[in-house]
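Structural overview
Read off the chains here:
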Amino acid sequence: MIEFNFEYIGCFSENKIRRIVTKAIFEVLKEMNFKKKYYLSVFLTSNNGIRKINKKYRKINKSTNVLSFPQNDERYLTEKTSKIILGDIVISIEKVATEAKIQRIQFSDHLTHMVIHSLLHLLGYNHEKLKDFKIMKKKEINVLSKLSILSPYAIND
């Protein structure tokens, strides 16, 4: 289950944002062969909104495009039924739109990439070391290609 919370969407419609985000999430989970029931929160905000969250939880007083807060906690709804609480994704629609314009790419393609990147963080991937960066980048590019989106990375990366 994906729970959406909209604080800011700029000139975009909630339905368009939901479709882009949901499609990206489903493709990542399919690629990862993730078959469990899950809960995931997606909060869409502005540069100022994400800056406040970044400052509060990461002690970084600046806006960013996306934040990931992993939980990976299994909760039992009944004796036999459980859900994995994957965590929370926070996206600055304002920052993603600005970056897409600067990079001269489609907003939907960049938003898709940011969702894929963030969800991979929730699933345990990171880019702290070069080896981990290469693994995560390969996963991102693979999922993007299945959605007919070109790699956002330079050829030399």
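Residues numbered from 1 in each chain as written. Predicted model: local features only at pLDDT ≥ 70, side-chain atom pairs only at ≥ 80, totals over all residues. Heavy atoms only, no water.

1. Some words on the pairing of strand β3 (residues 66-76)
Direction of pairing for β3 relative to strand β4 (residues 82-92): antiparallel, over a ladder of 9 bridges. Bridged to glutamate 74 within β4 is isoleucine 84. (Pairing = 2+ DSSP bridges. Helix = DSSP H or I, 4+ residues; strand = E, 2+ residues; numbered from the N terminus.)

2. A short note on helix α2 (residues 47-58)
It helps to recall that an α-helix has 3.6 residues per turn; residues three or four apart then point in one direction. Counted at 1.5 Å a residue, the expected span for α2 with its 12 residues is 16 Å, and the 15 Å between its end C-alpha atoms agrees. Among the residues making up α2, those that are buried are Asn47, Gly49, Ile50, Ile53 and Asn54. Projected onto a plane normal to the axis of α2, the buried residues spread over an arc of 160° and lie on a single side. Where α2 is buried, its residues touch β2 (38-45), β3, β4 and α3 (93-103). After α2 finishes, the residue lysine 59 shows a positive phi value of roughly 60°. (Expected span 1.5 Å × (residues − 1). Buried < 20%, exposed > 50% of the residue type's maximum accessible area, 1.4 Å probe, protein only. Arc of directions from axis to C-beta. Contact = heavy atoms within 4.5 Å.)

3. With respect to the side chain of serine 46
For serine 46, the position within the fold is in the loop between β2 and α2. In this view, serine 46 contacts Glu7, Tyr8, Ser92 and Glu94; residues no more than four positions away in its chain are not counted.

4. Quick notes on the nonpolar core
Membership of the largest hydrophobic core comes to 34 residues, with the highest contact counts inside it found for Ile25, Leu40, Val42, Ile91, Leu111 and Leu119. Every element with two or more residues in this core is listed here: β1 (2-6), α1 (14-31), β2, β4, α3, α4 (107-122) and α5 (130-146). The element contributing the most residues to this core is α4, with 8 residues. Those residues in contact with isoleucine 25 that lie beyond four places of it in its chain are Ile2, Tyr38, Leu40, Val42, Val115 and Leu119. (Core = buried A, V, L, I, M, F, W, Y, C linked by side-chain atoms within 4.5 Å.)

5. Notes on the side chain of histidine 113
Inspection of the secondary structure assignment puts histidine 113 in helix α4. One polar contact links histidine 113 to glutamate 140, side chain to side chain, over a distance of 2.6 Å. Among residues more than four places away in sequence, those in contact with histidine 113 are Glu140, Leu144, Pro152 and Tyr153. (Polar contact = N/O pair within 3.5 Å; in protein donor to acceptor, adjacent residues only side chain to side chain.)

6. What to know about unusual backbone geometry
In the Ramachandran plot, asparagine 33 falls in the positive-phi region, its phi being about 55° despite a non-glycine side chain. Looking at where asparagine 33 falls in the secondary structure, it is placed in the loop between α1 and β2. Positive phi, normally seen in glycine, also occurs at arginine 104, with a value near 60°. The class of arginine 104 is exposed, set by a relative accessible area of 78%.

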